[in-house]
Amino acid sequence: MSGKLIVVSNRIPTAATPAGGLVYALHETLRKTGGIWVGSDPEFHASPSRSLTEIGDQSAYRRLAFGLTELDHQTFYLGFANSVLWPVCHRRGDLVRMSRRFEQGYRRVNKRLAQQIFEVAKVDDTIWVHDYHFFPLASELRKLGFEGKIGFFLHIPFPALGDLGALPLEASLARWLADYDLVGLQTRADVARCLEMFRSELGAELMNDGKIKYGDQTVGVRSFPIGIDVDTFVATAKRPMADAKLAADLSGDIVIGVDRLDYSKGLPNRFRAFGRYLETRTDKSRRASLLQIAPPTREEVTAYQDIRHELEELAGRLNGENAELDWTPLRYIHRNIDRNLLAKLYRIARVGLVTPFADGMNLVAKEYIAAQDPNDPGVLVLSRMAGAAEDMTQALLVNPYDIEEMSEALTQALNMPLQERQDRYEACMAQVKATDVGRWSENYLSALKDSRRKLSWDSFS
Ligand code: GDG
């Protein structure tokens, strides 16, 4: 890469070495390449300045923050990004909330951010834009005259053609994405949907090398399945739990679920399936318990308040009906748990239960596998609708709408012989290693480097 790398994501990490998969991977990438990370920092929300604000005293790369006004927060972030785009991409058109103000806010923030980035970008710089908050960013940068490379990576599912109808007419994903050099998606199924959109909405032509041709330009569309920082996670999970009392309290058959409390994650059906498992188990003396960690997210959006209430009611009922004086079948924790502890909890759990209705990839599935003891691994029960299921086919794949099937999968997982558990674990672990997040960012950036947006004349002959 000749110029510098500029990474754009919704939130910018404020800690010197950020914890957590994606953020950590981008940090590592920038640490090696140098460059700039641009993202929003709530500290600057009250009084956003016109230009980006330098934060921290990073040596390897710079961090530049943008602020959002309260109106931006309501319309761009809670509104268009999380009450229109998120539900559309997760096949929940029924949860879309429409408002012209949302759309205006989304455009305003993207336009302003493009201007702010344009002030610091040089033509040989490479800009890597992350996620649905910033679909129009390349279009806005091109309008300002930026001709350098701009890549996009979508972390969530690419919507089906039919679902795109729920977007306002002027919000054309096809036109927005056509201004990038490379559109990276999580799965091959996402790529197929994206190509179909380009073909049908822009009449774009699919070329032999997987690119699309639109006017005199081309756009690469490829899948780059994201993963985790495998070595660090394996090492963390292996270390013994410091709290001996906690370790003792967690003995027995633990089934674990870890998800932001989001309606896309299928939590109510997971609770129902666990309840069904408890009802149908033949050995009533066996006391499996479900440990569900579900930290809050986007609490100002009504749909998130609704899912929280639904889950609290289900949790109360499940424990009311099944608990014994000395046994609580469901432990539901609506708080953030420390990442090191999380790794160890995965390791002691006999089953990892990952049952979203729709999910770009789902890193929890990969974390659960990476945390297992290869000599005595637990079993991953994974929704077919998660991006992770495209390659992790040796997990116990389930339909997240089918309570009975999930309950049967739990029974199968809790009774699975060691050899089968090891075979499945090894197959899944091979996939987890193949998609290590360090390689993911290298692969993406090398594909972006090789991409070429403008068609040269000889391509027309
Ligand atoms: C989006 C896409 C895609 C969760 N609770 C706690 C906690 N977590 C961590 C997990 C995991 C991460 O959050 C969640 O990642 P997922 O991939 O499962 O889901 P999303 O947040 O929806 O992420 C998704 C991803 O982007 C990456 O491209 O895979 O499809 O929706 O790392 O461990 N971490 C800690 N405490 C918690 O309580 N420390």
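Bear in mind the structure is a predicted one, so any value in this text is a computation, not a measurement.

Undergrad: What is the right way to read the domain arrangement of the protein chain from this model?
TA: By a widely used convention, the size of an interface equals the accessible area lost when the partners come together. Taken domain by domain, the protein chain holds domain 1 (5–227 + 439–450) and domain 2 (230–434). The distance between the C-alpha centroids of domain 1 and domain 2 comes to 31 Å. In this complex, domain 1 contributes 20 residues to the contact, which on the side of domain 2 involves 16 residues. Elements with a minimum of two residues in the side of domain 1 that touches domain 2: helix 2 (70–89) and helix 7 (188–202).

Undergrad: Just to check I follow, could you spell out the environment of Asp-131 for this structure?
TA: Locating Asp-131 in the fold gives a position in the loop between strand 5 (126–130) and helix 4 (137–144). Spatially, the C-alpha atom of Asp-131 lies 23 Å from that of Arg-50, the residues being 81 residues apart in sequence. If near-sequence neighbours (up to four positions away) are discounted, Asp-131 is found in contact with Ser-9, Asn-10, Leu-154 and His-155.

Undergrad: I'm lost on the site of the ligand in this one. Help?
TA: Around the ligand lies a shell of 22 residues, among which His-155, Arg-339, Gly-360, Met-361 and Leu-363 are the nearest. Taken together, the elements giving at least two residues each to the shell around the ligand come down to helix 1 (21–33), helix 12 (339–348) and helix 13 (363–370). Of all the elements, helix 13 adds the most residues to the shell around the ligand, at three residues. Class assignment of the residues belonging to the shell around the ligand gives a composition of eleven nonpolar, six polar and five charged. Shared between two domains, the shell around the ligand holds at least three residues of each, these being domain 1 (5–227 + 439–450) and domain 2 (230–434).

Undergrad: Can you help me understand the pairing of strand 12 (residues 289–293) in this one?
TA: Working note: regular strand, side chains alternate between the two faces of the sheet. Within strand 12, four of the five residues are buried, which leaves it mostly tucked inside the rest of the structure. For strand 11 (residues 254–258) and strand 12, the ladder comprises five bridges, and the chain directions are parallel. Bridge assignment links Ile-256 to a residue of strand 12, and that residue is Leu-291. The β-α-β motif built from strand 11, the intervening helix 10 (residues 267–280) and the parallel element strand 12 has right-handed crossover chirality. With four bridges joining them, strand 12 and strand 13 (residues 330–333) adopt parallel strand pairing. From the neighbouring strand, Gln-292 faces strand 13, where its bridge partner is Tyr-332. Traced from strand 12 through helix 11 (residues 302–322) to strand 13, the parallel crossover comes out right-handed.

Thresholds applied
Residues numbered from 1 in each chain as written. Predicted model: local features only at pLDDT ≥ 70, side-chain atom pairs only at ≥ 80, totals over all residues. Domains from an automatic or database assignment. Contact = placed C-beta atoms within 7 Å. Helix = DSSP H or I, 4+ residues; strand = E, 2+ residues; numbered from the N terminus. Near = placed C-beta within 6 Å. Nonpolar A, V, L, I, M, F, W, Y, C, P; charged D, E, K, R; others polar. Buried ≥ 20, exposed ≤ 12 C-beta atoms within 10 Å, placed from the backbone. Pairing = 2+ DSSP bridges. Right-handed = clockwise from strand over helix to strand, strands pointing away.

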